[in-house]
Amino acid sequence: MDALKRQAAAHALREVESGMKLGLGTGSTAKHFVDLLGEKVRAGLKVVGVPTSEATRAQAEACGVPLTTLDEIDHLDLTVDGADEINPALDLIKGGGGALLREKIVASASDRMIVIADESKWVARLGRFPLPIEVIPFGLAATRHAIAAAFAKAGVSGQMDLRKSADGHVFVTDGGHWIVDVRLGEIEDPPRLAGLLSAIPGVVEHGLFIGLGSTAILAGAQGIRVIQRP
Ligand SMILES: O=C(CO)[C@H](O)[C@H](O)COP(=O)(O)O
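Residues numbered from 1 in each chain as written. Predicted model: local features only at pLDDT ≥ 70, side-chain atom pairs only at ≥ 80, totals over all residues. Heavy atoms only, no water.

A look at the environment of glycine 25
Inspection of the secondary structure puts glycine 25 in the loop between β1 (21-24) and α2 (28-42). C-alpha separation for the pair glycine 25 and isoleucine 116, spaced 91 residues apart in sequence, amounts to 9.8 Å. Each residue touching glycine 25, except ones within four places of it in the same chain, is listed here: Ala30, Thr52, Thr56, Val80 and Asp81. (Helix = DSSP H or I, 4+ residues; strand = E, 2+ residues; numbered from the N terminus. Contact = heavy atoms within 4.5 Å.)

Laid out in structure tokens, this is it:
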């Protein structure tokens, strides 16, 4: 599986040109991309990156990839990131690694987003992977109530689990927020659910990435598949 992730990352690297401003994703697949990008940079490629997490920032720095922020620049040419699920519309579930907020800000600031993954992430319908919802700790019970109401309107339901770290403490995002993971099953209308969740005051962001993915590069036993957003 890890070899497939690296193959997808290597394929995405072909889209990188000198002078580009790049969004750098988070997770085990994006890690391969940053690693391979670092090799190119050390060989002379001129790019600048905006990391989507503190973990990616540390990795990119160690690899020698020059970094900037979306305070210093307001726009990126290309973001390359992984995903937890990808459907044929190239809508995504992201946030398994907890970086969904910065990932969505960075992807939204990019002309193009290439999603890299192994084939197991390709699904007919989103929802098998638990949907991460990043919430403000203040007023959590009220926010959960509002999330449940949004689910009812969208015709889905599922248990909400507050994400914990391996040490048993509540997982805290790079932005200081918490994450509620919800196993919904098939989501009939992801754009509608995304809109309903975005309207809830205590919800900082959610893992439905609608209309952001431009291209998916999927690596499988049969080779690489490149899918463009319809
Ligand atoms: O959204 C993410 C992190 O917030 C990741 O892109 C997603 O979880 C996929 O990770 P991996 O490449 O390790 O399977």
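Here the narrative resumes, following the displayed structure.
With respect to the site of the ligand
In the neighbourhood of the ligand, 17 residues make up the surrounding shell, with Ser28, Thr29, Asp84, Gly95 and Lys121 lying closest. Between the ligand and serine 28 there is a distance of 2.5 Å, counted from an oxygen atom to a side-chain nitrogen or oxygen. In the model, an oxygen atom of the ligand is placed 2.6 Å from a nitrogen or oxygen of the lysine 121 side chain. Protein contacts shield 91% of the accessible area of the ligand, which totals 380 Å² for the unbound molecule. Each residue belonging to the shell around the ligand can be placed in one class, and the counts come to two nonpolar, nine polar and six charged. (Near = heavy atom within 4 Å. Polar contact = N/O pair within 3.5 Å; in protein donor to acceptor, adjacent residues only side chain to side chain. Areas by Shrake-Rupley, 256 points an atom, 1.4 Å probe, with all protein chains shown as cover. Nonpolar A, V, L, I, M, F, W, Y, C, P; charged D, E, K, R; others polar.)

Considerations on the sheet that holds strand β2 (residues 48-51)
For sheets, the rule is that strands pair by backbone hydrogen bonds, running either parallel or antiparallel. Read from one edge of the open sheet, six strands run β2-β1-β3-β6-β12-β13, paired in mixed fashion. Among the strands making up the open sheet, the edge pair consists of β2 and β13 (223-228). Each strand axis lies, on average, 20 degrees off the axis of its neighbour in the sheet, ignoring direction. Summarising the sheet, strand β12 (residues 215-220) and β13 pair through six bridges and their orientation is antiparallel. Note that in β13 the partner of glycine 220 across the bridge is glycine 223. (Pairing = 2+ DSSP bridges. Axes fitted to C-alpha atoms, helices over the stretch in contact; angles between N-to-C directions.)

A few points about the sheet that holds strand β8 (residues 160-162)
An order of β8-β9-β7-β10 is seen for the four strands of this open sheet, with the pairing classed as antiparallel. The open sheet has two free edges, formed respectively by β8 and β10 (203-206), since each of these has just one partner strand. On average, adjacent strands in this sheet sit at an angle of 30 degrees to one another, irrespective of strand direction. Relative to strand β9 (residues 178-182), β8 runs antiparallel, the two being bridged by three bridges. Looking at the pairing, methionine 160 lines up with valine 182 of β9.

Let's talk about the pairing of β2
Examined bridge by bridge, β1 and β2 share four bridges and lie parallel to one another. Paired with lysine 21 across the two strands is valine 48, which belongs to β2. Handedness of the β1-α2-β2 crossover: right-handed. (Right-handed = clockwise from strand over helix to strand, strands pointing away.)

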